[in-house]
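Report on the structure
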Amino acid sequence: MSEQPLSRVTLFIAAGFAAVLVVGVIIASQVVGGSATDEATPSTPSSPSAENARTGPLALAGVEAPDADAPECAKLVDALPAKLPSKGAELARLTLADPAPPASAAWAGDRGEPVVVRCGLPKPAEYAPTAQLREVSKVTWLPVDGDGASTWYTVDRAVYVALTIPDDAGTGVVQEMSATIAKVLPAT
């Protein structure tokens, strides 16, 4: 019997199968396997949830808020909830880093951008007679879309309140804040 050398195509196919097999074994060992030290080791920044987890106080930039020291803003900040609903999850109220802007608060979950409320802002530039307003739980809002988030301004209270909501936060945030504002700040 004479032996013929393997063709190049056959060698490339064999090498490809070997590479796929090696990659498959590596992936399977990561998914199924794991060592005992993995269970005892806390999350590291290589895991997606750890990368986006918030640690320490949230730094909020100051904005123009000429009425932030108004009694209405103090009353609202005192009444803000500890948690906000967001697509079946809860966002916890965050501690703000010093110097914290007056009459402001923020909430977030393990990942994503925070929900931020600020009281005592000036009249929004977008608030015009032709602006599209929305009423939620007896609070009239002016929603202004942004890049990745929208800011909703109350336009029927003694002070303007701005609520900035990431696009992926859902509608529970506006509903909860509307209920709180309606209880604390009378409509004008």
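Shown above is the structure to which this text applies.
So, here's what we can say about the structure. (Residues numbered from 1 in each chain as written. Predicted model: local features only at pLDDT ≥ 70, side-chain atom pairs only at ≥ 80, totals over all residues. Heavy atoms only, no water.)

Going through the model one piece at a time under the given rule, you end up with one salt bridge. Close ionic contact of Asp-156 with Arg-157 constitutes a salt bridge, the shortest N to O distance being 3.1 Å. Accessibility assignment for this pair places Asp-156 and Arg-157 in one class, buried. (Salt bridge = Lys/Arg side-chain N within 4 Å of Asp/Glu carboxyl O. Buried < 20%, exposed > 50% of the residue type's maximum accessible area, 1.4 Å probe, protein only.)

Looking now at the nonpolar core. Judged by nonpolar contacts, the single largest core of 28 residues is most densely connected at Trp-107, Val-115, Val-117, Trp-141, Val-161, Leu-163 and Val-173. Put simply, the parts of the chain that give this core at least two residues each are α4 (71–79), β3 (104–108), β4 (115–121), β6 (139–145), β8 (160–166) and α5 (172–184). Counting residues per element, this core draws most heavily on α5, at five residues. Setting aside anything within four residues of it in sequence, one finds Val-161 in contact with Leu-76, Val-117, Arg-118, Cys-119, Trp-141, Trp-152, Tyr-153, Thr-154, Ile-181 and Leu-185. Of all hydrophobic cores here, the second largest spans seven residues; its members include Leu-121, Leu-142, Val-155 and Ala-162. (Core = buried A, V, L, I, M, F, W, Y, C linked by side-chain atoms within 4.5 Å. Helix = DSSP H or I, 4+ residues; strand = E, 2+ residues; numbered from the N terminus. Contact = heavy atoms within 4.5 Å.)

Let us look at the environment of Pro-81. With respect to the element layout, Pro-81 can be found in the loop between α4 and β1 (83–86). Those residues within four positions of Pro-81 in sequence are excluded, and the remaining contacts are Arg-93, Trp-107, Glu-176, Met-177 and Thr-180.

Attention now goes to the sheet that holds strand β5 (residues 134–136). In sheet architecture, strand pairing relies on hydrogen bonds along the backbone and comes in two forms, parallel and antiparallel. With antiparallel pairing, eight strands are arranged side by side in an open sheet as β1-β2-β3-β4-β8-β7-β6-β5. This sheet does not close on itself; its edge strands, each paired only once, are β1 and β5. Taken over all neighbouring pairs, the strand axes of this sheet differ in orientation by 30° on average, direction set aside. Of the strands in this sheet, β2 (89–93), β3, β4 and β8 are in contact with α4, which crosses β4 at around 160°. (Pairing = 2+ DSSP bridges. Axes fitted to C-alpha atoms, helices over the stretch in contact; angles between N-to-C directions.)

Quick look at the packing of aromatic side chains now. Tallied over the full model, the rule gives one aromatic pair. A ring pair is formed by Trp-141 and Trp-152, whose centres lie 6.2 Å apart and whose planes are at 75°; its orientation type is edge-to-face. Taken as a pair, Trp-141 in strand β6 and Trp-152 in strand β7 (residues 149–154) lie far apart in primary sequence, 11 residues in all. Overall, the relative accessible area of 0% leaves Trp-141 in the buried class. (Phe/Tyr/Trp six-rings, centres within 6.5 Å; stacked < 30°, edge-to-face > 60°.)

Before going further, it helps to spend a moment on the state of the cysteines. Taken as a whole and assessed by the stated rule, the structure comprises one disulfide. Bridging Cys-73 to Cys-119, the disulfide has an S-S length of 2.1 Å. Across the S-S bond linking Cys-73 and Cys-119, the dihedral sits near -80°, which makes this disulfide left-handed. Of the two residues, Cys-73 sits in helix α4 while Cys-119 sits in strand β4, which places them 46 residues apart along the sequence. (Disulfide = S-S within 2.5 Å.)

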